[in-house]
Structure formats: structure tokens, C-alpha cells
Amino acid sequence: MEKTMANYYGSLCTEMYEILHKEAPQEELDFYLSYAKKGMSILEPLCGSGRFFVPFLEKGFTIKGVDRSAEMLDQLLKKAPDAAVVHSGIEEYAPSERFDYIFIPSGSVSLFTDPVSCGSMLAKMKSLLKKEGKFVFAVDTVACRCPDSEEYTERIAVETREKYRLVLKSKSHYEEATHTQYSPSRYALYDGDTLLRQEEMDFQTHLYELGEMEALLHEIGFTNVAVYSSFTKEIARTNEAEMFLYECSR
């Protein structure tokens, strides 16, 4: 069994991700593209395997990326060998330049479940923006809460290019006090009935209520904070939406 690391996208997880999520949903991609203009310096932290990053690059935008998963970045570089990406955690990332626009799609900010770490990450994003630069991102909400389950259950099975069977099993526990969804996962690769390899992932997300992130953003010093419940920029008014989208300025 490979080493478990909280929210780390390892090789089997990356392989399944590439099969299931090779391209960004068009509506979501268009939302993030709508903030970009030619000549801007753009940063995508947690860029992963590049399903948002690469389309930005292909459209001629000047974009850089950072991710702590070497496996995910390897996939990105297969698609865009000359991409300006850095293998690093957000905390250690220290570029000399500042950016006009920073975006983190797909609810990835929710992966920062510890309040101190999340606050530090958001403060880092503010420090990386130019004056009047814009930060846009999404979080998962309490509407995404999964039912508790004590046993590992098969959730997804896909076929790899080698015709192997790649299986994801997981269980769930929601901690009400901290709004943390724990979903420990096991990825297993099979050739017929033969187990070739197995990998665990300690998957955790913080599920937000309306007003929670806004207070943190204001505390850090972001301005012009807008909160949407859809990619069409419908203003968020309740916790029924499965995501909140934030647009804020330095």
C-alpha cells in the first residue's frame, strides 16, 4: 500500500481523474475565461493536470501554474511541454512576480480544511496579486454533504488504456462541528482478478455555509467581494447551491 497523504492526487487517482475529467466543463471554463484579458499575467494555483490551464494557454493567455502533485503535473506537461508550471505546495511557492488574475476552479479551495491553513493560503493569494488584481475561486457547500457510511463501497470503475480495471472505493463521515467531509478512498488497479497495485487517499473537504468565506476574505483585506451560486453569476442567497463562486479584489 502506498503512503497516504491528505488530499494528495497520486498516480492511480490521477489516472482515474484523467479518464473522468480530461476536459473542463465548458460553462465553468467560460466563467473563468471571462475574467481574462490578453496581456494579463495569470496564475492558476492547484492547476493539477491542466484541464483549465491548457485551454487558457491555447487561447494565447500568459499563464503560470503550481501544484504539489508531481503526478498531476506530469499529465499537464504531456499536453503542454512548455507550460510554465512549478512543483510546489502553495505555502512554499514564492514567485518574484505579481499577477493580474488568480483563479482556483472546481472547489479546490475546500481542500484546505484547517482554518489556519486556509487563511494563510488566502492571504498568500492576496499577496501575489497586483494592485487591483482579481482573485476568483469556488468552494463546495454544505449542500454537498454525503451520507455517513462506515464501510468502503465501490463508487466508480473505469477501464484504463491498458484494458485494466481501475476501481475507486470510499466511505464517508461528516463532522458537523468543523463542517469537514472525510472521504477516505482506495484506488485499486486490476488485471482481471489480479490486483496489480493499490493506493489510498485521505480525501477531506471543508463544506461552506453562506457568509463563512466572506467573513474570512474581508478579514484578510480583500475588497469588492461578490458571491455567486452559478456560472451565470446568479447572486448566492441560500445554502442550497452546491458551490459558491467568489470574485474579489486586492
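Read on for a plain summary of the structure. Quick caveat: nothing in here was measured; it's all calculated off a predicted structure.

Rules behind the numbers
Residues numbered from 1 in each chain as written. Predicted model: local features only at pLDDT ≥ 70, side-chain atom pairs only at ≥ 80, totals over all residues. Heavy atoms only, no water. Helix = DSSP H or I, 4+ residues; strand = E, 2+ residues; numbered from the N terminus. Rg over C-alpha atoms; globule rule 2.2 N^0.38 Å. Buried < 20%, exposed > 50% of the residue type's maximum accessible area, 1.4 Å probe, protein only. Contact = heavy atoms within 4.5 Å. Areas by Shrake-Rupley, 256 points an atom, 1.4 Å probe, with all protein chains shown as cover. Core = buried A, V, L, I, M, F, W, Y, C linked by side-chain atoms within 4.5 Å. Pairing = 2+ DSSP bridges. Axes fitted to C-alpha atoms, helices over the stretch in contact; angles between N-to-C directions. Arc of directions from axis to C-beta. Polar contact = N/O pair within 3.5 Å; in protein donor to acceptor, adjacent residues only side chain to side chain. Phe/Tyr/Trp six-rings, centres within 6.5 Å; stacked < 30°, edge-to-face > 60°. Lys NZ or Arg CZ within 6 Å of the ring centre and 35° of its normal.

1. Focus on the overall build of the protein chain
From N to C terminus, the protein chain includes six helices and eleven strands. Computed over its C-alpha atoms, the radius of gyration of the protein chain comes to 18 Å, within 12% of the 18 Å expected for a compact globule of 250 residues. Referenced to the eigenvectors of the C-alpha coordinate spread, the extents of the protein chain come out at roughly 55 × 45 × 35 Å. The proportion of buried residues among the 250 residues of the protein chain is 48%. Contacts in the protein chain between residues at least 24 apart in sequence constitute 64% of all its contacts with a sequence separation of at least 6. Accessible area of the protein chain: about 12400 Å², with a carbon and sulfur share of 48%.

2. Side note on the nonpolar core
Ranked by size, the top nonpolar core spans 29 residues in total, and within it Phe31, Tyr32, Ile42, Phe56, Tyr101 and Phe103 carry the most contacts. Of all the secondary-structure elements, those providing two or more residues to this core are helix H2 (26–33), helix H3 (53–58), helix H4 (70–79), strand S4 (99–104), strand S5 (129–140) and strand S10 (223–228). Ranked by the residues each element gives to this core, the list is headed by H2, at four residues. Excluding residues within four positions of it along the chain, phenylalanine 103 makes contact with Tyr32, Ile42, Leu43, Glu44, Pro45, Phe52, Phe56, Ile63 and Val136.

3. Focus on the sheet that holds strand S8 (residues 180–191)
Spatially, four strands are ordered S6-S7-S8-S9 in an open sheet, and the strand pairing comes out antiparallel. The open sheet has two free edges, formed respectively by strand S6 (149–159) and strand S9 (194–206), since each of these has just one partner strand. Here the average twist between neighbouring strands, direction ignored, is 20 degrees. Bridge count for strand S7 (residues 165–175) against S8 is nine bridges, and the pairing is antiparallel. Pairing of lysine 169 across the sheet is with arginine 186, part of S8.

4. Some points on helix H6 (residues 212–220)
Taken residue by residue, H6 has Met213, Glu214 and Leu217 as its buried positions. For H6, the angular spread of the buried residues around the axis is 100 degrees, confining them to a single face. Those residues of H6 that are buried lie in contact with helix H5 (115–128), S5, S10 and strand S11 (243–249).

5. As for the side chain of threonine 113
Counting through the fold element by element, threonine 113 comes out in the loop between S4 and H5. At a separation of 3.4 Å, a polar atom in the side chain of threonine 113 contacts the side chain of glutamine 204.

6. As for the packing of aromatic side chains
Inspection of the entire model under this criterion finds 13 aromatic pairs. Seen from their ring centres, phenylalanine 31 and phenylalanine 231 are 5.7 Å apart, and the 55 degrees between their planes marks the pair as tilted. Remark: phenylalanine 231 occurs in the loop between S10 and S11 and phenylalanine 31 occurs in helix H2; sequence separation between them is 200 residues. Relative to tyrosine 246, the ring of phenylalanine 137 lies with its centre 5.1 Å away and its plane at 15 degrees, an arrangement referred to as stacked. One end of the pair, phenylalanine 137, is in strand S5; the other, tyrosine 246, is in strand S11, with 109 residues separating them in the sequence. The class for phenylalanine 137 is buried, based on a relative accessible area of 0%. What makes tyrosine 246 buried here is its relative accessible area of 0%. When the ring centre of phenylalanine 61 is taken as origin, the NZ or CZ atom of lysine 38, which lies over that ring, is 5.4 Å away. Positioned above the aromatic ring of tyrosine 152 is the side chain of arginine 186, whose terminal nitrogen or guanidinium carbon lies 3.9 Å from the ring centre.

7. Observations regarding the sheet that holds S4
The strand order S3-S2-S1-S4-S5-S11-S10 describes an open sheet built from seven strands, whose pairing is mixed. Sheet topology places strand S3 (84–87) and S10 at the edges, where each strand pairs with a single neighbour. Adjacent strand axes in the sheet meet at a mean angle of 15 degrees, parallel and antiparallel pairs treated alike. Contacts between H4 and the sheet are confined to strand S2 (62–67) and S3, with S3 contributing the most and set at about 165 degrees to the helix. Across the sheet, H5 lies against strand S1 (41–45), S4 and S5, angled at about 145 degrees from S5, the strand it touches most.

8. A short note on the environment of threonine 113
For threonine 113, a relative accessible area of 18% corresponds to the buried category. Through-space distance from the C-alpha of threonine 113 to that of threonine 178 is 8.6 Å; in sequence the pair is 65 residues apart. With residues near it in sequence (within four places) discarded, threonine 113 still touches Thr180, Gln204, Thr205 and His206.

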